[in-house]
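Secondary and tertiary structure notes
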Amino acid sequence: MERSLKKIKNSNNNTNSTRSNLMKDNELFHVIHKVPCGDTPYVKAKHAQLIEKNPEMAIVWFWKAINTGDRVDSALKDMAVVMKQLDRSEEAVEAIKSFRPRCSKSSQDSLDNVLIDLYKKCGRMEEQVDLLKRKLRQIYQGEAFNGKPTKTARSHGKKFQVTVQQEISRLLGNLGWAYMQQAKYLSAEAVYRKAQIVEPDANKSCNLAMCLIKQGRFEEGRSVLEDVLEYRVLGADDCRARQRAEELLSELEASLPRERDAEMEDVLGNILDDDFVLGLEQMTSTSFRSKRLPIFEQISSFRNQLVC
């Protein structure tokens, strides 16, 4: 009798041990593949996206998740990213615009960031510019960071801290690029110069040099590129940035024999953008003083340098 009880007990222990190992293996699988646990539409969407590598099926499940209220914030953002990968960016834009009211307030900033990338992919520069301007104003007014020097961001399932300087520099960099696509090179120059004041880096230096070259201001462009090639700018040790600087310098040398034609200024976009670029210094005025962030003090008194 005792021997039988011991066998039953050992059998139960083995069963429990097997179940425990299976649970650990299952948890480990989800951690490794960054797939959430469960059997909901959102979980099935992530499984189709990350495990089965079936983006079309993932979109079907993301739609089901959104329509059933299953982790709508994540489902909408993740679906838009997958749509972009499938060259369905226009559809992704409309999806975000239509369903973002269902998302939480805390998710709106990340949805804006997805929209910025989608607008860039679609070539919808005006909408990208408008959104970037709005986000910069939100930072100044204390709406994005709540007056704090950092905020928590998330990328690929990982949380990290973003400083005010980093976010302003990123947004200004995107805004400068958007202006360049519109051939508004003087506006782009103004924005890139402000970005370099906030957080200098070699890539933005190259873009600034391109703006100057497009305006026929070759010596100024050469000076900016030399700062990169002589390691006087942060990130100048990046081989891609240096290669780009060298390519732009070659382009500059090839352009030197041609004289600048003043009548080409409008074609080159040599006009400052409406109210925003000239109005950036208004962010350093006495208005909104209670919420104004210190970083904006560093980019004031810039207008006179632009219009001289």
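Residues numbered from 1 in each chain as written. Predicted model: local features only at pLDDT ≥ 70, side-chain atom pairs only at ≥ 80, totals over all residues. Heavy atoms only, no water.

For the protein, the name recorded in an unreviewed UniProt entry is Protein SULFUR DEFICIENCY-INDUCED 1, with Cardamine amara subsp. amara as its organism. According to the UniProt record, the Subcellular location (unreviewed entry) comment for the protein is "Nucleus". For the protein, the Sequence similarities (unreviewed entry) comment in UniProt is given as "Belongs to the MS5 protein family." (UniProt positions renumbered as here; feature names shortened; annotations may be inferred.)

Looking only at helices and strands, the protein has 14 helices and two strands in total. Look at the contacts in the protein between residues 6 or more apart in sequence, and 57% of them connect residues 24 or more apart. In the form shown here, the protein has an accessible surface area of approximately 17400 Å², with 50% of it arising from carbon and sulfur atoms. (Helix = DSSP H or I, 4+ residues; strand = E, 2+ residues; numbered from the N terminus. Contact = heavy atoms within 4.5 Å. Areas by Shrake-Rupley, 256 points an atom, 1.4 Å probe, with all protein chains shown as cover.)

We now examine the pattern of salt bridges. On inspection of all chains with the given rule, the structure shows 26 salt bridges. Between Asp112 and Lys135 there is a salt bridge whose closest N-O contact spans 3.7 Å. Of this pair, Asp112 sits in helix 6 (residues 108-122) while Lys135 sits in helix 7 (residues 125-140), placing them 23 residues apart in sequence. One exposure class covers both Asp112 and Lys135, and it is buried. With a shortest N-O distance of 3.8 Å, Asp238 and Arg240 are connected by a salt bridge. Each of Arg100, Asp109, Asp112, Arg134, Lys135, Lys151, Glu167 and Arg170 takes part in a single network of salt bridges with overlapping partners. (Salt bridge = Lys/Arg side-chain N within 4 Å of Asp/Glu carboxyl O. Buried < 20%, exposed > 50% of the residue type's maximum accessible area, 1.4 Å probe, protein only.)

Turning our attention to the side chain of Asn207. Tracing the backbone shows Asn207 in helix 10 (residues 202-214). For Asn207, a relative accessible area of 6% corresponds to the buried category. Within the structure, Asn207 has its side chain in polar contact with the side chain of Tyr192 (distance 3.1 Å). Leaving out residues up to four positions away in the same chain, Asn207 has contacts with Trp177, Met180, Tyr192 and Arg244. (Polar contact = N/O pair within 3.5 Å; in protein donor to acceptor, adjacent residues only side chain to side chain.)

Position of Asp78 relative to the elements: it lies in helix 4 (residues 72-85). The buried category is assigned to Asp78, whose relative accessible area is 14%. Beyond its immediate sequence surroundings of up to four residues, Asp78 is in contact with Tyr42, Lys46 and Phe62.

The next subject is the packing of helix 4 against helix 5 (residues 89-99). Contact geometry for helix 4 and helix 5: axes closest at 8 Å, N-to-C directions at 165°. Classified by the interaxial angle, the pair formed by helix 4 and helix 5 is roughly antiparallel. Of the two elements, helix 4 crosses helix 5, and the hand of that crossing is left-handed. Listed contacts from helix 5 to Leu76, Met79, Ala80, Met83 and Lys84 of helix 4 are Ser89, Glu91, Ala92, Ala95, Ile96 and Phe99. Among the residues making up the contact of helix 4 with helix 5, the classes are represented as eight nonpolar, one polar and two charged. (Axes fitted to C-alpha atoms, helices over the stretch in contact; angles between N-to-C directions. Parallel < 35°, antiparallel > 145°, perpendicular 65-115°, else oblique. Left-handed = near helix turned anticlockwise from the far one by under 90°. Nonpolar A, V, L, I, M, F, W, Y, C, P; charged D, E, K, R; others polar.)

At a closest axis distance of 9 Å, the pairing of helix 5 and helix 6 adopts a crossing angle of 150°. As summarised for this structure, helix 5 and helix 6 are arranged roughly antiparallel, according to the angle between their axes. Seen along the crossing, helix 5 lies across helix 6 with a hand that is left-handed. The segment helix 5 lies against helix 6, with Ser89, Glu90, Ala92, Val93, Ile96 and Lys97 engaging Leu111, Val114, Leu115, Leu118, Tyr119, Lys121 and Cys122. Its residues assigned to classes, the contact of helix 5 with helix 6 shows nine nonpolar, one polar and three charged.

Okay, the UniProt feature "repeat: TPR" (unreviewed entry) in the protein next. The UniProt entry lists residues 169-202 under the feature "repeat: TPR" (unreviewed entry), expressed in the numbering used here. Counted over residues 169-202, helix gives 82% and strand 0%. Its end C-alpha atoms are 13 Å apart.

In this section: helix 7. The end-to-end C-alpha distance of helix 7 is 23 Å, a good match for the 22 Å that 16 residues give at a rise of 1.5 Å each. Regarding helix 7, the residues found buried are Met125, Gln128, Val129, Leu131, Leu132, Lys133, Lys135, Leu136, Gln138, Ile139 and Tyr140. The positive-phi residue at the C-terminal boundary of helix 7 is Gly142, with phi of around 85°. (Expected span 1.5 Å × (residues − 1).)

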